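Chain by chain, the residues run as shown.
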Amino acid sequence: MDISHLVDGLNEQQREIVCAEPSNCLVLAGAGSGKTRVLVHRIAWLIEVLEVSPHSVLAITFTNKAAGEMKARIADLVKKGGGGIWCGTFHAICLRILKQHHTEANLTPNFTIIDTGDQKRFIKRVIEQLNLDKKKFTPDGVIGFINKNKEQGLRAATVKGSHDYMHNQLLKIYERYEILAAQENLVDFGELLLRTHELLSRNEAIGKHYSSKFKHILVDEFQDTNGLQCALIHSLQGKDNNNYVMAVGDEDQSIYGWRGADIGNVLNFDKLFNDTKTFRLEKNYRSTENILKAANAVISNNSDRFGKELWSDIKDNALIEFYRAPTDRQEASFLTDALADHYKQGGKLNDCAIFYRTNAQSRIIEETLIHHGIPYRVYGGLRFYDRAEIKNVIAYMRLIVNRSNTEAMLRIINLPTRGLGSTTISKINDLAQKHNISLWDTAKAITQGAPAIITDLNKSKIAVVQKFLDLIDKIDDSIRGMGLQEQTSTIIKLSGLEQLYNKNKDADYESARDNLQEFVNAANIAFNSDESSDMEIFLDNIALESGSTQAQEYEDSVQLMTIHASKGLEFLKVFMTGMEEGLFPLEKSAYDDKLLQEERRLCYVGMTRACRHLCITCCEARLLYGRENYNPISRFIEEVPKELIRNLNDKKRTTLLNNSMIKLKVGTRVNHPTFGYGEVTNTEDNGHISRVQIDFEHEGSKWLVTEYAQLQIL
DNA sequence: AACAGGGTTATTTTT
DNA sequence: TAACCCTGTT
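Procedures and definitions
Residues numbered from 1 in each chain as written. Chains lettered and ligands numbered in written order. Predicted model: local features only at pLDDT ≥ 70, side-chain atom pairs only at ≥ 80, totals over all residues. Heavy atoms only, no water. Domains from an automatic or database assignment. Contact = heavy atoms within 4.5 Å. Buried area = accessible area lost by both parts, 1.4 Å probe. Salt bridge = Lys/Arg side-chain N within 4 Å of Asp/Glu carboxyl O. Polar contact = N/O pair within 3.5 Å; in protein donor to acceptor, adjacent residues only side chain to side chain. Helix = DSSP H or I, 4+ residues; strand = E, 2+ residues; numbered from the N terminus. Pairing = 2+ DSSP bridges. Near = heavy atom within 4 Å. Nonpolar A, V, L, I, M, F, W, Y, C, P; charged D, E, K, R; others polar. Axes fitted to C-alpha atoms, helices over the stretch in contact; angles between N-to-C directions. Parallel < 35°, antiparallel > 145°, perpendicular 65-115°, else oblique. Buried < 20%, exposed > 50% of the residue type's maximum accessible area, 1.4 Å probe, protein only.

1. Overview of the domain arrangement of chain A
Part 1 of the reasoning: Each domain of chain A was delimited in the assignment, giving domain 1 (4–100 + 193–283), domain 2 (113–184), domain 3 (292–383 + 556–649), domain 4 (386–535) and domain 5 (659–713).
Part 2 of the reasoning: Taking the mean C-alpha position of each, domain 1 and domain 2 sit 32 Å from one another.
Part 3 of the reasoning: Facing the nine residues of domain 1 at the interface are six residues of domain 2.
Part 4 of the reasoning: Around 580 Å² of area is buried between domain 1 and domain 2 when both sides are counted, 54% of it from carbon and sulfur atoms.
Part 5 of the reasoning: Along the contact surface separating domain 1 from domain 2 lie one salt bridge.
Part 6 of the reasoning: A salt bridge links Glu198 to Arg155, with the nearest nitrogen and oxygen atoms 2.9 Å apart.
Part 7 of the reasoning: In this assembly, domain 1 and domain 2 are joined by two residue pairs in polar contact (both at pLDDT 80 or more).
Part 8 of the reasoning: Every element with two or more residues in the side of domain 1 that touches domain 2 is listed here: helix H9 (189–202) and helix H11 (227–237).
Part 9 of the reasoning: For the side of domain 1 that touches domain 2, the element with the highest residue contribution is H9, accounting for three residues.

Below, the structure written as structure tokens:
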């Protein structure tokens with residue numbers, strides 16, 4: 001048999017993995033070492049050489065995008081195609097299992113998946129219902145508690161009580177949350193995993209079914225798995241020792257610890273799985289030697305790692321560039337200048353990326369780029385399906401599919417406004433809570449004058465409620481038999497949303513209309529893909545897909561993103577900005593070794609995105625939360641060997657002298673927007689930054705950075 | 001229902 | 001600083 005297409009072009013380390021005897025194994029794949037390639041070739045090897053049935057292969061990724069890419073590459077490489085392989089995210093795979101066995105999983109077939117935003121609103125409602133202090137119990141705090149427990153496999157009934165008031169109250173919220181979620185047929189992300197895990201580990205027949213089905217489980221980005229996901233893999237693998245897990249990951253790129261990812265799953269892999277073999281991929285195909293040397297040097301300061309040294313045969317004398325600007329504004333100007341130079345020399349802006357630690361940092365960079373007419377795209381931000389107008393349509397759809405979805409009903413019961421104000425709604429909602437039934441059933445009971453439901457709503461209000469119920473039923477009736485895109489546009493019409501967004505002319509409504517059209521298009525695409533032609537499936541897919549978070553690509557433009565968002569990407573030229581103590585690493589993480597190590601890994605991820613040029617910038621004075629901050633240079637920069645750095649400050653210094661000093665001399669009378677009138681008593685300029693001391697009439701004496709102070713000279 | 005004003009709070013966000 | 005949420009007012 002000709003196997004050359006499976007191994008040609010692979011290096012020795014890669015080939016060893018692709019052709020390995022089946023066993024549990026951990027592949028430590030450094031950045032840019034071709035791990036997706038190895039995974040795809042391994043799957044092809046299993047099918048073509050070891051004659052494993054595609055139906056016995058399960059490939060798990062973390063993003064839908066990665067799953068899509070993998071499917072496409074498998075289809076390309078495997079001669080008989082990849083049909084039958086299960087390939088998807090943890091959540092998508094769990095959903096598939098739960099849909100299949102919804103009865104055994106104790107779910108209705110039409111359960112609704114809620115994303116983090118929905119979950120948050122839902123929790124808010126629970127906190128209100130329980131009449132708890134909103135200052136003490138924030139949705140974020142509660143969400144953390146519930147998700148963390150689910151990640152440890154704990155239900156409200158199995159979490160241990162304690163003497164701690166907060167803990168016990170949180171537990172009460174969790175209890176109520178579970179009851180309401182069951183009542184309303186809502187399943188959150190963590191629940192998808194937990195319920196599947198429970199199903200597989202408690203229902204012997206089903207557990208056995210899957211563990212005898214999946215002989216080979218391949219997991220990508222293993223460093224990002226949490227405890228529950230790891231447990232899930234175990235339950236899929238089953239107890240017999242003839243199923244094999246291949247985990248691919250990089251402990252140095254674990255940057256989601258704060259979301260529950262447990263780097264310990266990689267570090268203790270050999271203890272968590274039997275008879276493991278470990279492989280390493282250390283040859284990097286992306287970056288120059290110098291960039292890798294710098295990145296290796298930084299990450300070598302971490303202790304939670306196996307240790308691995310990336311190398312490359314891409315020789316290039318270019319050093320890591322470093323520039324420390326006087327202020328954040330001048331840091332942005334520096335970036336702009338550098339990009340303009342790059343462009344003038346014939347380079348593409350698409351090849352350049354600007355990274356920052358926090359989203360807030362993008363603002364000043366964007367302003368400066370706009371000012372100089374340099375096009376850019378920002379990654380991240382509001383996801384398409386998170387837009388209010390889209391969520392509104394989705395809420396109608398969800399209620400139509402699942403009438404118990406109180407969450408959805410609350411969102412649209414008065415949208416567009418139909419005379420059901422907050423008073424009426426909370427009256428109905430209180431009754432729902434009192435009788436422990438869904439909002440829909442409560443409303444229905446009221447309109448039917450059910451004797452058990454006592455309400456003080458007057459006849460006209462009840463008629464309005466009736467009208468809403470009729471509307472939903474009517475929409476439901478009229479979309480029967482329609483194609484998905486027709487259903488969607490019909491819902492938008494009949495619900496009154498179309499009219500609502502049409503009646504107003506301002507820009508927000510205009511874009512809302514565009515987005516609704518886009519949503520109908522999405523439905524159309526889904527309809528034609530026949531995979532998700534059904535509205536229920538469409539809704540599931542929406543919940544599990546972020547819907548591209550990056551701006552549309554329409555012209556050559558610089559890419560702006562957080563370092564987190566840069567993971568998995570690569571760019572010819574990378575600018576890492578704001579490399580200051582307090583910002584990167586964040587102050588909160590600087591004094592905790594675990595957190596600091598994660599910051600360092602983040603730095604490593606950022607550096608290893610660069611193919612040919614890496615430029616690191618920071619500034620002396622930065623405006624943060626409306627305050628000036630003077631931060632030292634990031635320790636991560638200090639960790640890069642000096643001989644790998646070319647310091648641009650020596651070159652730029654003379655050109656950047658701040659000319660604002662010229663007019664401000666001792667004795668100048670000034671006016672400050674908040675401190676009022678004063679007189680300059682002292683000046684200082686170290687060549688980077690200029691400051692003035694001003695004696696204010698009412699506020700006393702203060703030192704201010706000239707550039708920020710917005711002083712008016714009198 | 002819409003809006004103004006005060007108080008609070010500030011990472012990162014694959015599903 | 002500025003964005004968000006809540007509250008009280010019109």
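The discussion continues.
2. Some details on the sheet that holds strand E21 (residues 712–713)
Part 1 of the reasoning: The five strands are arranged E20-E19-E18-E17-E21 in an open sheet whose pairing can be described as antiparallel. A single partner strand is all that each edge strand has here, and the edge strands are strand E20 (700–705) and E21.

3. Digging into the protein's contact with DNA strand B
Part 1 of the reasoning: Lining the immediate surroundings of DNA strand B are 24 residues, of which Arg259, Arg357, Asn359, Thr562 and Leu586 lie closest.
Part 2 of the reasoning: At 2.4 Å, a side-chain N or O of Arg357 approaches a base oxygen of DNA strand B.
Part 3 of the reasoning: Per-class residue counts for the surface near DNA strand B are seven nonpolar, 13 polar and four charged.

4. A closer look at the protein's contact with DNA strand C
Part 1 of the reasoning: Every residue lining DNA strand C is accounted for by Lys124, Arg363, Tyr625 and Gly626.
Part 2 of the reasoning: Counted by atom, the contact set of DNA strand C within 4 Å of the protein is 42% sugar and phosphate.
Part 3 of the reasoning: Arg363 is positioned such that a nitrogen or oxygen atom in its side chain is 2.8 Å from a phosphate oxygen of DNA strand C.
Part 4 of the reasoning: Among the residues making up the surface near DNA strand C, the classes are represented as one nonpolar, one polar and two charged.

5. Focus on the environment of Gln129
Part 1 of the reasoning: Tracing the sequence through the fold places Gln129 in helix H6 (residues 116–129).
Part 2 of the reasoning: Residues Gln129 and Gln433, spaced 304 residues apart in sequence, show a C-alpha to C-alpha distance of 7.8 Å.
Part 3 of the reasoning: When residues no more than four places from it in sequence are discounted, the contact partners of Gln129 are Arg176, Leu180 and Gln433.

6. Focus on the packing of helix H17 (residues 388–401) against helix H21 (residues 459–479)
Part 1 of the reasoning: One can describe the packing of H17 onto H21 by two numbers: an axis separation of 10 Å at closest approach and a directional angle of 85 degrees. With respect to H21, the axis of H17 lies roughly perpendicular. Residue-level contacts link Tyr396, Leu399 and Ile400 of H17 to Phe468, Ile472, Ile475, Asp476 and Ile479 of H21.

7. Description of the pairing of strand E10 (residues 352–356)
Part 1 of the reasoning: Burial runs high along E10: five of the five residues are buried.
Part 2 of the reasoning: Residues Cys352, Ile354 and Tyr356 point to one face of E10 and Ala353 and Phe355 to the other, with burial holding for every one of them.
Part 3 of the reasoning: Relative to strand E13 (residues 571–576), E10 is paired through four bridges, and the arrangement is parallel. Bridge pairing in E13 places Cys352 opposite Lys573.

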